[in-house]
Amino acid sequence: MSMDFSKYSPREFYRKLFSLMVPIAFQSFMVAAVNASDALMLARLDQVSLSAVSLATQVAFIANMFLLSFNSGLSIFAAQYWGKNDIGSIERIFAYVLRSSALVSALFSFASLFFPELLMKAYTSDEELIREGCVYLRAVSPTFLMAGVSQIFLCVLKNSEHALSATVITSVSVVLNIALNAVFIYGMLFFPRMGIKGAALATVVSRTVELVWSVAMNARRGSVRLRLSYFLRVDAVLRRDFWHYSYPVLVNQIVWGVGFSMYSVIMGHLGSDAVAANSISNIVKNLVTCLSSGISAGGGIMIGNELGRGNLERAKIYGSKICHIAIGVGAAMGIVIVLLIPFVLSIVSMSAEAAHYLKWMLVMCSYNMIGKSSNVATNCGIFPAGGDAKFSMICDSVTMWAVCVPAGLLAAFVFHAPVLLVFFIINLDEMVKLPAIFIYYKKYRWLRNITR
């Protein structure tokens, strides 16, 4: 397939990419900022609070994997049908995905409320961490269902040229969460000092605001609307299409999410110092990688729009441009992490051993950023835009469950390797799968229009 550059406008490409990428990246940054504020504020109380909440939020991480899979599946169809100007099909898919997401999220709320101890024991055997983690999980349990609804509404906004509105909603919710964290955790104004319970309460209040606002935005005239008739009666053809193209995304997110959570299980059994350092390193990494998330999501929407219109050649050019941008952004993110190391070490309160772990964990994270950024752009943006997620599912499954998880378990529990060596092993996944992803990208099997 030859590239026809006469149909490609660099100015239009960058204008549209930045209009999508910047709000989505900022939204991702604000969400990551909540986790950062929780960790930093709790770390000033004591290291046990930080470690307990870090492990407890792994339950939210698993729930978020299901939610991301529903979001990704919805985005695949919303982007292509929006490019085709078929609003009715988007509304049918929207209603079905919302129903599915709410059901799964409700199960996580139920488990966190009634079986928190069982969930915590999967991550650690430390009785103090289990006890404090249970306090957090019970208090935060309603937010799983809230997020399962609000995030689907926000996904529709992003895919219907309202990415800025979605960013404003998320940003206000995050700022409110951070402010209430300080008030409730430390007992400011007329509120008592609540510690871990305060962090959970701040999350509940901010999620409530996000839910009400996102639903209200959907009710506006001219928006992609939630139709009660579509919610109650599912279009069998669209449901079949949705699962045909989305089940690999769901399986991939679960496989990757559980695998990544296993890394926390491994680190959780290496002591409180390892847990605390791993928690802060993940927070720093999540804050810095928000830009690559924006490129992935924005690029995926753009490619999906072009594929839905039947512009396969332009979609191919867009894919190439996005890959090149992702590599440059990955290199920049690595440099940023290295520059942040002295600052991060100066603001966290932890033992000398934990600080030593954290320093070298951040160094290891820095050189993984090129692989991380490139893989996110392709696996989470370009491939799913064309309904092609099976390769990502297979690639992540093999990398995590045949290489990194077994190697990490052996290193930690059989050979009793040092903490930093274990961390190095479980963070090899991005670089291991990079060559396979590049080869598959060049086959261009993702160049498909999947609309009816």
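Criteria and cut-off values
One numbering rule holds for all chains: residues counted from 1, following each sequence as written. The predicted nature of this model means local features are confined to residues of pLDDT at least 70 and side-chain atom pairs, given and counted, to a pLDDT of 80 or more, with totals for whole chains, interfaces and linings taken over all residues. The side-chain numbers reported here are obtained from all heavy atoms of the structure, hydrogens and water having been left aside. Numbering goes from the N terminus for both helices and strands, where a helix is a DSSP run of H or I of at least four residues and a strand is a run of E of at least two. In this scheme, a residue with accessible area under 20% of its type's maximum is buried, one over 50% is exposed, and one in between is partly exposed, where area comes from a 1.4 Å probe on protein chains only. Contacts are assigned to residue pairs with any non-hydrogen atoms lying within 4.5 Å of each other. The Shrake-Rupley method, run with a 1.4 Å probe sphere, supplies the accessible areas, and residue values consider only the shown protein chains as cover. A residue counts as positive if it is Lys or Arg and as negative if it is Asp or Glu; His and the chain ends are not included. To locate a charge, take atom NZ for lysine, CZ for arginine, CG for aspartate or CD for glutamate. For patches, a residue must show more than 30% relative accessible area and have no salt bridge; joins then use 9 Å for like charges and 5 Å for nonpolar side chains, namely Val, Leu, Ile, Met, Phe, Trp and Tyr. Every case where a carboxyl oxygen of Asp or Glu lies within 4 Å of a side-chain nitrogen of Lys or Arg is listed as a salt bridge. Multiplying one less than the number of residues by 1.5 Å gives the expected span of a helix. For this text, the term disulfide refers to a pair of cysteine sulfurs within 2.5 Å. Aromatic pairs are defined between Phe, Tyr and Trp rings, using the six-membered ring for Trp, whenever the two ring centres lie within 6.5 Å; interplanar angles under 30 degrees are classed as stacked, those over 60 as edge-to-face, and all others as tilted. Interaxial angles span 0 to 180 degrees and are taken between N-to-C directions of axes, which are lines fitted to C-alpha atoms, for helices over the stretch in contact. By the definition adopted for this analysis, an angle is roughly parallel if under 35 degrees, roughly antiparallel if over 145, roughly perpendicular if from 65 to 115, and oblique otherwise. Crossing handedness follows the turn of the near helix against the far one: under a right angle anticlockwise gives a left-handed crossing, and clockwise gives a right-handed one.

As for the overall build of the chain
Looking only at helices and strands, the chain features 18 helices and zero strands. The principal-axis extent of the C-alpha atoms belonging to the chain is close to 60 × 45 × 35 Å. In the chain, buried positions account for 57% of the 452 residues. Taking contacts inside the chain between residues at least 6 apart in sequence as the whole, the part at least 24 apart equals 84%. Only carbon and sulfur atoms are counted for the fraction: they give 67% of the accessible area of the chain, which is about 18,500 Å². Between the centroid of the 36 positive side chains of the chain and the centroid of its 23 negative side chains there is a distance of 9 Å.

A look at a nonpolar patch on the surface
Nonpolar side chains collect at one region of the surface, where Tyr367, Val403, Leu421, Phe424, Leu428 and Val432 lie side by side and expose about 470 Å² of accessible area between them. Along the polypeptide, Val403 turns up in helix H16 (residues 390-414). A relative accessible area of 35% means that Val403 is categorised as partly exposed.

Quick look at helix H2 (residues 47-83)
Relative to the 54 Å expected for 37 residues at 1.5 Å per residue, H2 spans 50 Å between its end C-alpha atoms, a close match to the ideal helical length. By the criterion of burial, H2 is predominantly enclosed, with 29 of the 37 residues buried. Residue Asn85 follows H2 closely and has a positive phi angle near 65 degrees.

Considerations on the state of the cysteines
For the structure on display, the rule yields zero disulfides. In this structure Cys365 is a free cysteine whose sulfur lies 13 Å from that of Cys404, the closest cysteine sulfur available. Looking at Cys365, the relative accessible area reads 2%, which means it is buried. Here Cys395 is not disulfide-linked; the sulfur of Cys404 is the nearest cysteine sulfur, at 11 Å.

Quick notes on unusual backbone geometry
A positive phi angle, close to 50 degrees, is found at His416, a residue other than glycine. Within the element layout of this structure, His416 appears in the loop between H16 and helix H17 (419-426). Look at Tyr444: it is not a glycine, yet its phi comes out positive at around 60 degrees. Locating Tyr444 in the fold gives a position in the segment after helix H18 (429-441).

Structural notes on the packing of aromatic side chains
Here the structure, examined in full by the defined rule, presents 21 aromatic pairs. Between Phe77 and Tyr81 the ring centres are 6.4 Å apart and the planes differ by 15 degrees, which places this aromatic pair in the stacked class. Here the residue Phe77 and the residue Tyr81 both occupy positions in helix H2, the gap between them amounting to four residues, near one helical turn. No difference in accessibility class separates Phe77 from Tyr81, as the two residues are buried.

Description of the pattern of salt bridges
Side-chain pairs of opposite charge can arise whenever the charged atoms involved come near each other. The tally for this structure, following the rule as stated, stands at nine salt bridges. Two residues, Arg309 and Glu306, come together in a salt bridge whose shortest N-O distance is 3.2 Å. Of this pair, Arg309 and Glu306 are both found in helix H12 (residues 290-309), three residues apart, which corresponds to roughly one turn of the helix. In this structure Arg309 comes out as partly exposed when scored by relative accessible area, which is 40%. The shortest N-O distance in the salt bridge between Lys372 and Glu430 comes to 3.8 Å. Within this pair, whereas Lys372 is found in helix H15 (residues 369-385), its partner Glu430 is found in helix H18, the two being separated by 58 residues in sequence. Looking at Lys372, the relative accessible area reads 18%, which means it is buried. Within the structure, one salt-bridge network assembled from shared partners comprises Lys372, Asp396, Glu430 and Lys433.

Concerning helix H7 (residues 163-186)
Here H7 is 24 residues long and its end C-alpha atoms lie 34 Å apart, about the 34 Å a rise of 1.5 Å per residue gives. Where H7 ends, the next residue or the one after it, Gly187, has phi of about 75 degrees, a positive value.

As for the packing of helix H3 (residues 87-114) against helix H10 (residues 236-268)
Packing of H3 against H10 leaves a shortest axis separation of 10 Å and a crossing angle of 70 degrees. Taken as axis vectors, H3 and H10 run roughly perpendicular relative to one another. Crossing geometry of H3 relative to H10 is assigned as right-handed. Contacts from Ser89, Arg92, Ile93, Tyr96 and Val97 in H3 reach Leu238, Arg239, Phe242 and Trp243 in H10.

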